[in-house]
Amino acid sequence: MGYLVWFGIVALVFAVMHYFTKLGMKQKALISAVLTLFISGAIAYNIASDRDREKVVTIEQKFRSGETLICHGVDVNTTTFDYSVGTQSFIGLKGTPHYQQIINARECE
């Protein structure tokens, strides 16, 4: 719903340009197209960021609940790795074969 507001703003800018400026039709269309592309890009970026965040949260929840994750062919679980919230990565625990190995949570299945 919030995204529709941005397209409404583009329409409003176009209306203001149409009635209150001496720009030609091609210039008005170009400005409107650039604004629309810019806002569309921002919307696409937000959607991709939301999906990425959801994926990381799901992976973290599975890890915290004791499930074993597969990351680059490595079994990641609470007995061999710890989870770093700040970097959103798994860090190998001391005394395990994966000691100090760092795996990004986004790379897990």
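Just so we're clear, the structure is a prediction, and the values are computed from it rather than from any experiment.

1. Brief notes about the pattern of salt bridges
1) Next: For the structure shown, the criterion picks out 3 salt bridges.
2) Next: Between Arg106 and Asp52 there is a salt bridge; the shortest N-O distance is 2.9 Å. Residue Arg106 is located in the segment after β5 (102-104), and its partner Asp52 is located in helix α2 (residues 25-64); the two are separated by 54 residues in the primary sequence.
3) Next: Here Asp52 falls in the partly exposed class, since its relative accessible area comes to 28%.
4) Next: With a closest N to O distance of 3.7 Å, Arg64 and Glu60 form a salt bridge. In this pair, Arg64 and Glu60 are both assigned in helix α2, 4 residues apart and thus about one turn of the helix distant.
5) Next: Residue Glu60 is classed as partly exposed on the basis of its relative accessible area, which comes to 21%.

2. Quick notes on α2
1) Next: With 40 residues, α2 extends 58 Å between its outermost C-alpha atoms, agreeing within 8% with the 58 Å of an ideal straight helix rising 1.5 Å per residue.
2) Next: Inspection of α2 places Lys28, Ser32, Ile39, Ile43, Ser49, Val56, Ile59 and Phe63 among the buried residues, and these make up the whole buried set.
3) Next: Along its buried surface, α2 packs onto α1 (2-20), β1 (69-71), β2 (74-76), β3 (81-84) and β4 (89-92).
4) Next: Once α2 finishes, Gly66 follows within two positions and takes phi at roughly 100°, a positive value.

3. Some words on the sheet that holds β5
1) Next: Within the open sheet, the 3 strands sit side by side as β3-β4-β5. Their pairing is antiparallel. Each edge of the open sheet is held by one strand with a lone partner, namely β3 and β5. Taking each pair of neighbouring strands and ignoring which way they run, the sheet shows an average axis angle of 25°.
2) Next: Strand direction decides the pairing type here: β3 and β4, joined by 4 bridges, are antiparallel. The residue of β4 that forms the bridge with Phe81 is Gly92.
3) Next: Sheet strands in contact with α2 are β3 and β4, and its direction is about 140° off that of β3.

4. Considerations on the confidence of the model for the protein chain
Any residue range with low pLDDT should be treated as having predicted coordinates unsuitable for detailed reading.
1) Next: Chain-level statistics for the protein chain give a pLDDT mean of 89 and a share of 99% at 70 or above.
2) Next: Element-level mean pLDDT values for the protein chain span from 77 in α1 up to 96 in β4.

5. A closer look at the packing of aromatic side chains
1) Next: Tallied over the entire structure, the rule returns 3 aromatic pairs.
2) Next: Ring plane angle 45° and centroid distance 6.4 Å describe the contact between Phe63 and Tyr83, whose orientation is recorded as tilted. One end of the pair, Phe63, is in helix α2; the other, Tyr83, is in strand β3, and 20 residues separate them in sequence.
3) Next: On the basis of relative accessibility, which here comes to 2%, the residue Phe63 falls in the buried class.
4) Next: Ring centres of Tyr83 and Phe90 lie 5.1 Å apart, and the angle between their planes is 55°; on these two criteria the pair is classed as tilted.
5) Next: Classification of Tyr83 as buried rests on a relative accessible area of 7%.
6) Next: Aromatic ring contacts, followed pair by pair, group Phe63, Tyr83 and Phe90 into a single cluster.

Criteria and cut-off values
Residues numbered from 1 in each chain as written. Predicted model: local features only at pLDDT ≥ 70, side-chain atom pairs only at ≥ 80, totals over all residues. Heavy atoms only, no water. Salt bridge = Lys/Arg side-chain N within 4 Å of Asp/Glu carboxyl O. Helix = DSSP H or I, 4+ residues; strand = E, 2+ residues; numbered from the N terminus. Buried < 20%, exposed > 50% of the residue type's maximum accessible area, 1.4 Å probe, protein only. Expected span 1.5 Å × (residues − 1). Contact = heavy atoms within 4.5 Å. Pairing = 2+ DSSP bridges. Axes fitted to C-alpha atoms, helices over the stretch in contact; angles between N-to-C directions. pLDDT = per-residue confidence, 0-100. Phe/Tyr/Trp six-rings, centres within 6.5 Å; stacked < 30°, edge-to-face > 60°.

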